[in-house]
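# A closer look at the structure
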2 protein chains.
Amino acid sequence: MALLDHGMLAHGMLAGLDEIADVGRDAARGGYSRHLWQGPDLELRAWFIERATRIGLDVETDRNGNLWAWWGEPGENAVVTGSHLDSVPGGGAYDGPLGVVSALNAVASLKNAGFQPSRPVAVVVFAEEEGSRFGVACLGSRLLTGAIDADRARSLVDRDGVTLAEAAALAGLDPRRLGVDREAIDRVGLFIELHVEQGRGLIDLQSPLAIASSILAHGRWRLTFTGQGNHAGATTMAERRDPMVAAARAILAVTEAAVASPDSRATVGRLEVVPGGTNVIASRVIAWLDARAPSDQQTRDLVADIEARIRLALAVTGCSLEVTEESWSGVVTFDPTVAEDLSVALGGTPLVAAPSIATPRIFTPRLSTGAGHDAGVLAAVVPSAMVFVRNPTGISHSPEEFAEAADCVAGVSALERMLRSVL
Amino acid sequence: MALLDHGMLAHGMLAGLDEIADVGRDAARGGYSRHLWQGPDLELRAWFIERATRIGLDVETDRNGNLWAWWGEPGENAVVTGSHLDSVPGGGAYDGPLGVVSALNAVASLKNAGFQPSRPVAVVVFAEEEGSRFGVACLGSRLLTGAIDADRARSLVDRDGVTLAEAAALAGLDPRRLGVDREAIDRVGLFIELHVEQGRGLIDLQSPLAIASSILAHGRWRLTFTGQGNHAGATTMAERRDPMVAAARAILAVTEAAVASPDSRATVGRLEVVPGGTNVIASRVIAWLDARAPSDQQTRDLVADIEARIRLALAVTGCSLEVTEESWSGVVTFDPTVAEDLSVALGGTPLVAAPSIATPRIFTPRLSTGAGHDAGVLAAVVPSAMVFVRNPTGISHSPEEFAEAADCVAGVSALERMLRSVL
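Quick caveat: nothing in here was measured; it's all calculated off a predicted structure.

If you tally the helices and strands in chain A, you get 12 helices and 17 strands. Computed over its C-alpha atoms, the radius of gyration of chain A comes to 23 Å, within 12% of the 22 Å expected for a compact globule of 423 residues. Each of the three principal axes of chain A carries a C-alpha extent, and together these read 75 × 55 × 40 Å. In chain A, buried positions account for 62% of the 423 residues. Sequence-distant contacts, at least 24 apart, represent 74% of the contacts inside chain A between residues at least 6 apart. Accessible area of chain A: about 15,100 Å², with a carbon and sulfur share of 53%.

Right, let's talk about the relation of the copies chain A and chain B for a bit. Copy one and copy two of the chain differ by a rotation about a common axis and a shift along it. Overlaying chain A on chain B yields an RMSD of 0.0 Å, the required transformation being a rotation through 180 degrees with an accompanying axial translation of 0.0 Å. Interpreted geometrically, this transformation is the action of a two-fold axis. Rotation axis and chain A: the residue whose C-alpha lies nearest the axis is Ala248 of chain A, separated from it by 2.1 Å. Looking at chain A, 100% of its interface residues are interface residues in chain B too, so the copies touch through the same face.

Checked against the element boundaries, Arg45 of chain A lands in helix α1 (residues 39-54). With residues near it in sequence (within four places) discarded, Arg45 of chain A still touches Leu36, Trp37, Gly65, Leu67 and Ala127 of chain A.

The first and last C-alpha atoms of helix α12 (residues 405-422) of chain A sit 26 Å apart over 18 residues, in line with the 26 Å expected at 1.5 Å per residue. Regarding α12 of chain A, the residues found buried are Ala405, Asp407, Cys408, Val409, Gly411, Val412, Ser413, Ala414, Leu415, Glu416, Met418 and Leu419 of chain A.

Attention now moves to the environment of Leu194 of chain B. Residue and element names in this part refer to chain B. Assignment of secondary structure puts Leu194 in strand β7 (residues 188-196). Each C-alpha atom, one on Leu194 and one on Leu367, is 13 Å from the other, the two residues being 173 residues apart in sequence. Filtering out sequence-adjacent residues up to four positions away, Leu194 remains in contact with Gly82, Ser83, Leu98, Gly99, Ser102, Val387, Val389, Gly411, Val412 and Leu415.

Turning to the sheet that holds strand β13 (residues 284-293) of chain A, a few remarks are in order. Working definition: the strands of a sheet are paired by backbone hydrogen bonds and lie parallel or antiparallel to each other. Residue and element names in this part refer to chain A. On the basis of which strands lie adjacent, the open sheet formed by 4 strands has the order β11-β13-β9-β14 and antiparallel pairing. One side of each edge strand has no neighbouring strand; the edge strands of this open sheet are β11 (265-274) and β14 (320-329). Here the average twist between neighbouring strands, direction ignored, is 20 degrees. Summarising the sheet, strand β9 (residues 217-226) and β13 pair through 10 bridges and their orientation is antiparallel. Looking at the pairing, Trp221 lines up with Leu289 of β13. Against the sheet, helix α8 (residues 243-260) contacts β9, β11 and β13, and its axis sits at roughly 170 degrees relative to β11. The strands touched by helix α9 (residues 296-314) are β9, β11, β13 and β14; relative to β14, the strand with the most contacts, the crossing angle is about 165 degrees.

Let's shift gears to the packing of α1 of chain A against helix α2 (residues 97-112) of chain A. Residue and element names in this part refer to chain A. Running from N to C, α1 and α2 cross one another at 15 degrees; their axes reach a closest spacing of 11 Å. Here α1 is positioned roughly parallel relative to α2, judged by the angle of their axes. Crossing hand, α1 versus α2: right-handed. Listed contacts from α2 to Trp47, Phe48, Arg51 and Ala52 of α1 are Val100, Val101 and Leu104. Per-class residue counts for the contact of α1 with α2 are 6 nonpolar, no polar and 1 charged.

The subject of this paragraph is the pairing of strand β3 (residues 58-61) of chain B. All names here are of chain B. Relative to strand β4 (residues 67-71), β3 is paired through 4 bridges, and the arrangement is antiparallel. Bridge pairing in β4 places Thr61 opposite Leu67. Joining the antiparallel neighbours β3 and β4 is a turn of 5 residues, in which Gly65 adopts a positive phi near 90 degrees.

The subject of this paragraph is the domain arrangement of chain A. Residue and element names in this part refer to chain A. Per the domain assignment, the segments of chain A are domain 1 (6-216 + 331-422) and domain 2 (218-329). Taken over C-alpha atoms, the centre of domain 1 sits 33 Å from the centre of domain 2. Counting residues at the interface gives 14 residues for domain 1, matched by 14 residues for domain 2. For the pairing of domain 1 and domain 2, the buried interface totals around 1,100 Å² over both sides, and the portion due to carbon and sulfur atoms is 38%. The interface formed by domain 1 and domain 2 includes 0 salt bridges. Seen at the junction of domain 1 and domain 2, the total is 8 residue pairs in polar contact (both at pLDDT 80 or more).

So, about the sheet that holds strand β9 (residues 217-226) of chain B. Residue and element names in this part refer to chain B. Strand order in this open sheet of 4 strands is β11-β13-β9-β14, and the pairing throughout is antiparallel. Each of the sheet's edge strands pairs with one partner strand only, and the pair in question is β11 (265-274) and β14 (320-329). Going across the sheet, the axis of each strand differs from the next one's by a mean of 20 degrees, ignoring polarity. Lying on the sheet, helix α9 (residues 296-314) is in contact with β9, β11, β13 (284-293) and β14; it crosses β14 at an angle near 165 degrees.

At the interface, 62 residues of chain A touch 62 residues of chain B. Summing the contributions of chain A and of chain B, the shared interface buries around 5,100 Å²; its carbon and sulfur component is 58%. Joining chain A to chain B, the criterion identifies 0 salt bridges. Run the count over chain A and chain B and you get 22 residue pairs in polar contact (both at pLDDT 80 or more). Those elements that place two or more of their residues in the side of chain A that touches chain B are β10 (230-231), α8, β11, β12 (280-281) and β13 of chain A. Its residues assigned to classes, the side of chain A that touches chain B shows 25 nonpolar, 23 polar and 14 charged.

Before going further, it helps to examine the confidence of the model for chain A. On average, residues of chain A carry a pLDDT of 94, and 95% of them reach 70 or more. Across residues 1-6 of chain A, where pLDDT falls below 50, the model places 18 contacts with residues more than four positions away in sequence or in other chains.

Along any regular strand, the residues point their side chains to alternate faces of the sheet. Residue and element names in this part refer to chain A. Within strand β17 (residues 384-389), 6 of the 6 residues are buried, leaving the element largely enclosed by the surrounding structure. Judged by which residues are buried, β17 turns out to be covered on both faces: Ser384, Met386 and Phe388 on one side and Ala385, Val387 and Val389 on the other are all buried. Direction of pairing for strand β7 (residues 188-196) relative to β17: parallel, over a ladder of 6 bridges. Bridging from a neighbouring strand, His195 pairs with Phe388 of β17. Two strands pair when backbone bridges link them, and strand β8 (residues 209-215) and β17 are joined in this way by 3 bridges, in the antiparallel orientation. Looking at β17, one finds that Leu209 is bridged to Val389.

Conventions we followed
Residues numbered from 1 in each chain as written. Chains lettered and ligands numbered in written order. Predicted model: local features only at pLDDT ≥ 70, side-chain atom pairs only at ≥ 80, totals over all residues. Heavy atoms only, no water. Helix = DSSP H or I, 4+ residues; strand = E, 2+ residues; numbered from the N terminus. Rg over C-alpha atoms; globule rule 2.2 N^0.38 Å. Buried < 20%, exposed > 50% of the residue type's maximum accessible area, 1.4 Å probe, protein only. Contact = heavy atoms within 4.5 Å. Areas by Shrake-Rupley, 256 points an atom, 1.4 Å probe, with all protein chains shown as cover. Least-squares fit on C-alpha atoms with pLDDT ≥ 70 in both. Expected span 1.5 Å × (residues − 1). Pairing = 2+ DSSP bridges. Axes fitted to C-alpha atoms, helices over the stretch in contact; angles between N-to-C directions. Parallel < 35°, antiparallel > 145°, perpendicular 65-115°, else oblique. Left-handed = near helix turned anticlockwise from the far one by under 90°. Nonpolar A, V, L, I, M, F, W, Y, C, P; charged D, E, K, R; others polar. Domains from an automatic or database assignment. Buried area = accessible area lost by both parts, 1.4 Å probe. Salt bridge = Lys/Arg side-chain N within 4 Å of Asp/Glu carboxyl O. Polar contact = N/O pair within 3.5 Å; in protein donor to acceptor, adjacent residues only side chain to side chain. pLDDT = per-residue confidence, 0-100.

Shown next, in the form of structure tokens:
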């Protein structure tokens, strides 16, 4: 394995991660808060441009705010690798940046080794993968591929009432040009995203790496409970229509429905109380539902079951419910031929070959995930693959998310070999 | 009844209320958000000083930020009337300001009529009655009377991490001088607070006014639920320790316990989720409990019952709970002799006199309330009374809080007659 000039590791971590370790730290929540086009995200973008330029790549920003760092002339049938730099509120150091930094390291390593690619190569940074600012995950890749209507996207609003169109204009983009970018997406011949694993899959498999097989169907729904705001001391229990009680019943219904649906997950992780005073019965509570299941239909059924359970539980509260779908992502099955070819590039025997005593089966495990990714959005339009790097805590979207330096280096090495095999 | 120069009504409402009708409107929540020493509160303070000065009163700010507008020389055995100008988040137009404006109108009316008081008179505005900024209700009157420890008060923190000491310094006060103010409180011979009613008591009594008999014991407790933050998609339902589920169970336990305790109320009206991302299982949820009951012991028992129910419900969630008392107010019984004297001043027959056919019993009804008030804090150290004005919606701490102009005028008239009777 070729190393960078200054080695693949720096300060005990994958080189590059150390350089952004202080950007966007969130003292209140712990971890990092890096949201689209706000201070830390802008700092990370500037860092990426500088870092990519330093290894000889030419960086361009597309009309949706995604960054592309090209090795040589941009062109058709390109091999693209990368991930994202934004985070959830109080997220970990690896979710997103590991894929970007690994891509930069792998490309730098190939360049340093004098490798001459036969196809254009780019390292990409997708915008707003987590949907932490505007509520729709994978917003940059959805806009790029046309998976979200541009008019709907332009009118998305952040917590301060700023629209995506306004934020894009502030970031130097032309908001009228947001939306499907045929020129940019048509150049992509293959997309490979390396990502820290977000569950316990690789712990259980005792493997540092896996290749993605599929992503659960998933979506986000906004649940608005409306009751009657009133005085917490002067209003008897019998007189109340308290949307906080309605939301509490709903949260329990969400869990019950998810437990009843095989291999499914449903979560309320964000909740807003209006007006939010200690001595005030709320008038409105907004809860965001994240629901995921192994098929589109099962996810739709799960959400329908959740809504039915909530409406049943709501009857005694005197409150009303409005449900709004904020985003939807159908189940993704990554192209098994691409995955197989990349697995073989890693030195594994084909999955279809029968093992023998002479040549024992060696392969990179396949892993399904419940986490959404830009590679899942791109998989609908171009051949795409993902590599997962083991997370020894099994915890993600949290400061406790982690990856051992040795596993990160194994990830870069695997990515480099995959690139060699297709270039 | 004497009227002000320009009449008791302006723009269809009690004169004075019209002048502050646009201060601190909250577009997001509806109603008003007027919190201690922030923009709208500062504007209201400036307005009060100007308004009081215009009718010939001399305004001073005490060491705790309460405003006193004196008619003549400040001195011992003063008759003081007033209320507060701050609001809950998204509160109504009457809770607090009605008492201040009624006091100004009553004093102006007495002055205009050429009345010569035999005792000093002051109109008071207490600071942070709602506890919306620093979490402790009646903070200004508690500091004045020593009902809260000054060191504890100085270290109270608002939602932005600003301490009361820092905010007081910014407001031009000496934070070292916050705390019991013997000079100021020893001057008060009688305190009368007029306040909009916050429940349906006067609707049921079909009366525009009532005199307060008692205030429920009440307090605030912060409930912190800690679990394990994680990825909403990659974490199976079985692996979770989700504090949002714990908080939901707690909210239902709060309601169940309050319903089981006679004449009690318990509410969760404020809740914070950390980190608060849609695709993130929370790591911590903080819920604020407001609990009230007819006696101190019953309130303590209610909170103990709530905590026991929550701990039982928590077992299945794998989350932990920390309970912190933020404030406590014992039950208040207003001095019945003072109330009786003021009732007689309104032309009512004494409650103890037997009615006859010749002189039918006429009296102002007595009303107990579940809402805390500065008069409840002052009642522990000086003779205090309250007058409630009918609220035809029965709703308070909400934009729907209301008082008919005719009932407001009846309130000012009653306050004026009460002042005449003791001056």
